[in-house]
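Spelled out from the first residue to the last, the chains are:
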Amino acid sequence: MIEPVNIQIRYSDMDPMGHVNNAVYLNYFEYTRVYYFEKLLGKDWDWEHEGFILVQNKVEYITPLLLKDKPVIEMSIGNIGNKSFVLHYELRLNGEIYTRASSKMVGYDMIGKKSIVIPEKMKKSFSLLMKHQQKQ
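Counting from 1, residues in each chain are numbered in the order their sequence is written. For a predicted model such as this one, the threshold for reporting local features is a pLDDT of at least 70, and the threshold for listing and counting side-chain atom pairs is 80 or more; totals across whole chains, interfaces and linings nevertheless cover every residue. Neither water nor hydrogens contribute to the side-chain values; these are computed over all heavy atoms in the structure.

J.: Quick question: what am I supposed to make of the overall build of the chain here?
T.: Assigned secondary structure in the chain consists of 2 helices and 6 strands. Listing each helix as α and each strand as β along the chain from the N terminus yields β-α-β-β-β-β-β-α. The quantity called the radius of gyration is restricted to C-alpha atoms. Its globule counterpart is 2.2 Å times the number of residues to the power 0.38. Scaling as 2.2 N^0.38, a compact globule of 136 residues should have a C-alpha radius of gyration of about 14 Å, and the chain matches this with 16 Å. In terms of overall dimensions, the chain has C-alpha extents of about 45 × 35 × 25 Å along its principal axes. We call two residues in contact when some of their heavy atoms are within 4.5 Å. In the chain, the proportion of contacts linking residues at least 24 apart, taken out of those at least 6 apart, comes to 68%. A 1.4 Å probe and the Shrake-Rupley method give the accessible areas. Residues count as covered only by the protein chains that appear here. Element-wise, carbon and sulfur atoms account for 51% of the exposed surface of the chain, whose accessible area totals about 8,300 Å². The convention is simple: Lys and Arg are positive, Asp and Glu are negative, and His and the chain ends are not counted. In this description, the location of a charge corresponds to atom NZ of lysine, CZ of arginine, CG of aspartate or CD of glutamate. Counting 18 positive and 16 negative side-chain charges, the chain places the centres of these two groups 4 Å from one another. Strands here are runs of E lasting at least two residues and helices are runs of H or I lasting at least four, both read from the DSSP assignment and numbered beginning at the N terminus.

Put into C-alpha cells, the structure is as follows:
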C-alpha cells in the first residue's frame, strides 16, 4: 500500500483571502506524482528516456484550505492509453474531500524530444496500484 502524501502548507502558499492560492494546488499534485512514482518505479528509473510530460490539469476546488490545515493527497490511475494516461487526485482534510483533480500525462523521451509508448514496467506498476485501489 502506498500511503497518502502529507502536505505541509507554507505561509507563502496563502493568498490575500487567507486560504491556499489555487495555483499552489498544482505544486501539491506535482509533489504527489513524484512521491507515488518513486514508490511505484524506484529511484533509479530512467526519466530522461522513459518519462512523461504533463499536457492537461483539471481541478475542482470544493473547500478552501487554511494555513494550519494538514491535508493528505491520494493519487489513483484513470484511463491508460498507448502513449498517455490520466492521474486522479483527492485532497482530503480529516477524511473530507476538499479538492479533486486530474492530470493527463503523455509518455515522453526528454533526450529525443518525442512522445513514446508508455513503458511496460510503468504500465505494470499502474496495474498493481489499480488492484490495490479495488480492494479498498
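J.: What am I meant to see in the packing of aromatic side chains here?
T.: Geometrically, a pair of aromatic rings is defined through the distance of the ring centres and the angle of the planes. Side-chain rings of Phe, Tyr and Trp (the six-membered ring for Trp) are treated as a pair once their centres are within 6.5 Å; stacked means planes under 30 degrees apart, edge-to-face means over 60, and tilted covers the remaining angles. Following the criterion strictly, the structure yields 12 aromatic pairs and no others. The interplanar angle of 75 degrees and the centroid separation of 5.6 Å between the aromatic rings of tyrosine 35 and tyrosine 36 together place this pair among those described as edge-to-face. Using a 1.4 Å probe on the protein chains alone, a residue whose accessible area is under 20% of its type maximum counts as buried, one over 50% counts as exposed, and one in between counts as partly exposed. Its relative accessible area of 22% is what places tyrosine 35 among the partly exposed residues. The class of tyrosine 36 is buried, set by a relative accessible area of 1%. Summarising the aromatic geometry, the rings of phenylalanine 37 and phenylalanine 85 are spaced 6.3 Å apart at their centres and angled 50 degrees between planes, so their arrangement reads as tilted. With a gap of 48 residues between them, phenylalanine 37 in helix 1 (residues 24-41) and phenylalanine 85 in strand 4 (residues 84-93) connect regions that are remote in the sequence. Residue class for phenylalanine 37 comes out buried when judged on its relative accessible area of 2%. Members of the aromatic cluster, joined through ring pairs, are Phe37, Trp45, Trp47, Phe52, Phe85 and Phe126.

J.: Explanation requested: helix 1 in the structure shown.
T.: Within an α-helix, residues lying three or four positions from one another point in the same direction, as the helix has 3.6 residues per turn. Each helix should span, by expectation, one fewer than its residue count multiplied by 1.5 Å. Compared with an ideal rise of 1.5 Å per residue, which puts 18 residues at 26 Å, helix 1 spans 26 Å between its outermost C-alpha atoms and is within 8% of the ideal. For helix 1, the complete set of buried residues consists of Val24, Tyr25, Tyr28, Phe29, Thr32, Arg33, Tyr36, Phe37, Leu40 and Leu41. Phi turns positive, to about 90 degrees, at glycine 42, one or two residues after helix 1.

J.: Where do I start with the nonpolar core in this structure?
T.: Note that soluble globular proteins tend to have their nonpolar side chains buried in a common cluster. Core analysis: the largest hydrophobic core is formed by 31 residues, its most contacted members being Val20, Tyr28, Phe37, Leu65, Phe85, Leu87 and Met122. Of all the elements, helix 1 adds the most residues to this core, at 8 residues. Discounting residues that sit within four places of it in the chain, phenylalanine 37 has contacts with Gly42, Trp47, Phe52, Met75, Phe85, Leu87, Met122 and Phe126. Put simply, buried Ala, Val, Leu, Ile, Met, Phe, Trp, Tyr and Cys residues joined by side-chain atoms within 4.5 Å make one nonpolar core.

J.: Which parts of the structure should I look at to understand the pattern of salt bridges?
T.: Side chains carrying opposite charge are able to pair once their charged atoms draw close together. What counts as a salt bridge is simple: a side-chain nitrogen of Lys or Arg found within 4 Å of a carboxyl oxygen of Asp or Glu. According to the stated counting rule, one finds 4 salt bridges in the structure shown. Among the salt bridges present, the one from arginine 100 reaches glutamate 60, with a minimum N-O distance of 3.7 Å. With arginine 100 in strand 5 (residues 96-109) and glutamate 60 in strand 2 (residues 51-61), this residue pair connects regions lying 40 residues apart in the sequence. Under the relative-accessibility criterion, arginine 100 is labelled partly exposed at 37%. Connected through shared salt-bridge partners, Glu74, Glu90 and Arg92 make up one network.

J.: How do you make sense of the environment of lysine 124 when you look at a structure like this?
T.: Mapped onto the fold, lysine 124 is located in helix 2 (residues 120-135). Using a relative accessible area of 55% as the deciding quantity, one classes lysine 124 as exposed. Linking lysine 124 and leucine 41, residues 83 residues apart in sequence, is a C-alpha distance of 9.8 Å.

Interpretation note: all reported values are geometric properties and have no functional meaning in isolation.
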